[in-house]
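The chain contents come next:
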Amino acid sequence: MEYDVVIGRLEALSDPEAVKGMARYGIVGNKVYGVSIPNLRQIAREIGVDHGLALRLWAADSRETRILASMVADPKLVTETQMEEWVQGFDSWDLCNQYCMNLFEKTRFAYQKCFDWSCREEEFVKRAGFVLMARLAVSNKKADDARFEQFLPIIGEKPGILGISSRRRSTGP
C-alpha cells in the first residue's frame, strides 16, 4: 500500500470525538486522527510487512502513523539505533505500549533494552523498559524462568513498581 493511500485511509477514519476522548487519557501527539487500534490493525494486515513504509510512517509524526509503523516494520531489519531514536520519540503511554508489543519484543535487542531503558530517567523510555519486560514474560513461552528472573532485581530497585521495594522495612525491635 502506498504512503498516500495510508494517509487517505487515516483521514477517512478520523474521529474528532475519539481524539477528545484519547486526550482525557493522556493519549496525545503532534497529530492525532482518533483512529482505533482495531482499524489500525486492519490497515496493517492489508499492508503486510513493509519496513520502508514503516520508516516513512514514523517520520510523519502522528499517533496513528507511528503506531501503524510499529505494526508493519520488519523486526529483523530494526537496528539498535532505530530503537533508540523511536523510543526517544514516544509522547504517550499508548505509543510506548504499542511499540513494545508490536515490534520491540520481536527484535534481537529486546532483552538488552529491558535493562538499558529501565535505568533511564526519561519517562517513556523507562516505561518502555518495564513494558518490554512484561511483554517478554507474556509472549516468550519457550524461555525458562531464569531468563525472567534477571528482571527481578531491576523491578525491586524501583519503589512503587509492582509495590516492591528492595529495601527491607523495619517492623520494630
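Preceding block: the structure.
What you are looking at is a predicted structure, and each value in this text was computed from that prediction instead of being measured.

Can you walk me through the layout of surface pockets in this structure?
Looking at the second largest pocket, its volume works out to about 160 Å³. Those elements that provide at least two residues to the lining of the second largest pocket are α3 (37-47) and α7 (93-102). No other element matches α3, which puts 3 residues into the lining of the second largest pocket. Partitioned by chemical class, the residues of the lining of the second largest pocket number 6 nonpolar, 1 polar and 4 charged.

What's the story with unusual backbone geometry in this structure? I'm lost.
Backbone phi values are negative for most residues with the exception of glycine, while trans is the configuration of most peptide bonds. For Asp61, which is not glycine, the phi torsion reads 60° and is therefore positive. Take Asp61: it is sitting in the loop between α4 (51-60) and α5 (63-72). Relative accessible area serves as the criterion here: at 22%, Asp61 is assigned to the partly exposed category.

Help me out: how do you make sense of the packing of aromatic side chains in this one?
The geometry of an aromatic ring pair is captured by two quantities: the separation of the ring centres and the angle between the planes. Taken as a whole and judged by the stated rule, the model has 7 aromatic pairs. For the ring pair Tyr99 and Phe104, a centre distance of 5.5 Å and an interplane angle of 55° mean the geometry is tilted. By relative accessible area, which is 0% here, Phe104 ends up buried. The rings of Trp58, Trp86, Phe90, Tyr99, Phe104 and Trp117 are connected pair by pair, giving a single aromatic cluster. Sitting over the ring of Tyr33, Lys31 keeps its end group 4.4 Å from the ring centre. Residue placement shows Arg66 over the ring face of Trp58; its charged tip is 3.5 Å from the ring centre.

Looking at this structure, I do not really get the nonpolar core. What am I missing?
Considering soluble globular proteins, one finds that nonpolar side chains tend to be buried as a cluster. With 48 residues, the main nonpolar core has Leu10, Leu57, Leu68, Phe90, Tyr99, Phe104 and Trp117 as its most contacted residues. In terms of residue count, the dominant contributor to this core is helix α9 (residues 123-139) (8 residues). Beyond its immediate stretch of four places on either side in the chain, Trp117 contacts Met83, Glu84, Val87, Phe104, Val125, Lys126, Ala128, Gly129 and Leu132.

Basis of the calculations
Residues numbered from 1 in each chain as written. Predicted model: local features only at pLDDT ≥ 70, side-chain atom pairs only at ≥ 80, totals over all residues. Heavy atoms only, no water. 1 Å grid on protein atoms, 1.4 Å probe; cavity = no way out; pocket = protein on both sides within 12 Å on 5 of 7 lines; lining within 4 Å. Points joined across faces, edges and corners; volume = space filled by probe spheres on them. Helix = DSSP H or I, 4+ residues; strand = E, 2+ residues; numbered from the N terminus. Nonpolar A, V, L, I, M, F, W, Y, C, P; charged D, E, K, R; others polar. Buried < 20%, exposed > 50% of the residue type's maximum accessible area, 1.4 Å probe, protein only. Phe/Tyr/Trp six-rings, centres within 6.5 Å; stacked < 30°, edge-to-face > 60°. Lys NZ or Arg CZ within 6 Å of the ring centre and 35° of its normal. Core = buried A, V, L, I, M, F, W, Y, C linked by side-chain atoms within 4.5 Å. Contact = heavy atoms within 4.5 Å.

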